[in-house]
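Overview (structure and organization)
For reference, the chains in residue letters:
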Amino acid sequence: MVTLLFSITTSAQIVEPVTWEFSSKKVADKSYEITATAKMEPSWHIYSQGTEEGGPLPTAFTFTKNPDVILKGKPVELGEMIEKYEEVFMVNTRYFSHEVKFIQPIKTTTDKAITLKGYVTFMACNDEQCLTPQDVEFEILLK
């Protein structure tokens with residue numbers, strides 16, 4: 001009798017096809033632009049902030065309340081937006097591949113340095129799968 005022993009090693013692969021960078025730029029006295037740049041690996045994309053109801057999870061920014069910071073509208077999207085009907089969602093979708101920048105104009109009420117905190121929620125997909133939505137925290141010094 002021959003007994004064969006097999007050792008199977010499995011490891012959960014963590015797929016993180018999107019990286020984020022956050023920065024600020026002073027554009028005038030007490031006025032800044034916060035830039036959040038998302039870079040996607042080939043074949044991956046993230047969705048616009050404006051998606052149809054019933055569609056994929058839109059990218060969304062949440063800023064921690066700070067009495068010294070006034071948000072001016074919502075972030076502006078800069079990148080090559082792709083609009084496409086997706087069977088899986090049964091709606092037209094809007095998404096970005098490769099890279100997209102989200103620019104949030106803000107005003108401050110003080111000349112002192114301020115730390116702006118928050119997080120971005122997004123969902124990354126490719127032609128075969130969508131990953132669980134993720135939150136990425138950020139902390140940006142305004143001075």
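What counts as what
- Residues numbered from 1 in each chain as written.
- Predicted model: local features only at pLDDT ≥ 70, side-chain atom pairs only at ≥ 80, totals over all residues.
- Heavy atoms only, no water.
- Helix = DSSP H or I, 4+ residues; strand = E, 2+ residues; numbered from the N terminus.
- Buried < 20%, exposed > 50% of the residue type's maximum accessible area, 1.4 Å probe, protein only.
- Contact = heavy atoms within 4.5 Å.
- Areas by Shrake-Rupley, 256 points an atom, 1.4 Å probe, with all protein chains shown as cover.
- Pairing = 2+ DSSP bridges.
- Axes fitted to C-alpha atoms, helices over the stretch in contact; angles between N-to-C directions.
- Core = buried A, V, L, I, M, F, W, Y, C linked by side-chain atoms within 4.5 Å.
- Phe/Tyr/Trp six-rings, centres within 6.5 Å; stacked < 30°, edge-to-face > 60°.
- Salt bridge = Lys/Arg side-chain N within 4 Å of Asp/Glu carboxyl O.

Comments concerning the overall build of the chain
Summing up its helical and strand segments, the chain has 0 helices and 12 strands in all. Across the chain, helices and strands are ordered from the amino to the carboxyl terminus as β-β-β-β-β-β-β-β-β-β-β-β. Out of the 143 residues belonging to the chain, those deemed buried represent 36%. When contacts within the chain are restricted to residue pairs at least 6 apart in sequence, long-range pairs at least 24 apart make up 69% of them. Total accessible area on the chain is roughly 9400 Å²; 51% of this is exposed by carbon and sulfur atoms.

Some thoughts on the pairing of strand S8 (residues 91-97)
Burial within S8 is extensive, with 5 of its 7 residues counted as buried. Here 3 bridges tie strand S3 (residues 45-47) to S8, and the two strands are oriented antiparallel to one another. When the bridges of S8 are listed, His45 appears paired with Ser97. Adjacent in sequence and paired antiparallel, strand S7 (residues 81-86) and S8 are bridged by 4 residues, among which Met90 carries a positive phi angle near 60°.

Concerning the sheet that holds strand S12 (residues 134-142)
What the 3 strands build is an open sheet, ordered S4-S10-S12; its pairing is antiparallel. Only two strands of the sheet have a single partner each, and these edge strands are strand S4 (60-63) and S12. Put simply, the sheet's adjacent strands are angled 25° from each other on average, direction ignored. Bridge count for S4 against strand S10 (residues 114-122) is 4 bridges, and the pairing is antiparallel. From the neighbouring strand, Phe63 faces S10, where its bridge partner is Gly118.

Some details on the nonpolar core
Among the nonpolar cores identified, the biggest contains 25 residues, and Val18, Trp20, Met40, Ile46, Phe61 and Leu142 are the most heavily contacted of them. The set of elements that each furnish at least two residues to this core consists of strand S1 (18-28), strand S2 (31-40), S4, strand S9 (99-108), S10 and S12. No other element matches S2, which puts 5 residues into this core.

Observations concerning the packing of aromatic side chains
Per the stated rule, a full pass over the model turns up 11 aromatic pairs. Ring geometry for Trp20 against Phe61: centres 6.3 Å apart, planes inclined by 85°, an arrangement best described as edge-to-face. A residue pair is termed long-range when its members are at least 10 positions apart, and Trp20 in strand S1 and Phe61 in strand S4 qualify at 41 residues. There is no split in this pair, since Trp20 and Phe61 are both buried. For the pair Phe96 and Phe102, a centre-to-centre distance of 6.5 Å together with 80° between the ring planes defines the contact as edge-to-face. Of the two residues, Phe96 and Phe102, both sit in the buried class. By the ring-pair criterion, three or more aromatic residues cluster together here, those being Trp20, Phe22, Phe61, Phe63, Phe96, Phe102, Phe122 and Phe138.

Concerning the pattern of salt bridges
Should the charged atoms of two oppositely charged side chains come close, the side chains can pair. Applying the stated rule across the entire model yields 4 salt bridges. In this structure, Lys101 engages Glu99 in a salt bridge whose closest nitrogen and oxygen atoms are separated by 3.9 Å. According to the relative accessible area criterion, Lys101 is partly exposed, its value standing at 32%.

Quick look at unusual backbone geometry
Even without being glycine, Lys30 reaches a positive phi, approximately 65°. Tracing the backbone through its elements, the reader meets Lys30 in the loop between S1 and S2.

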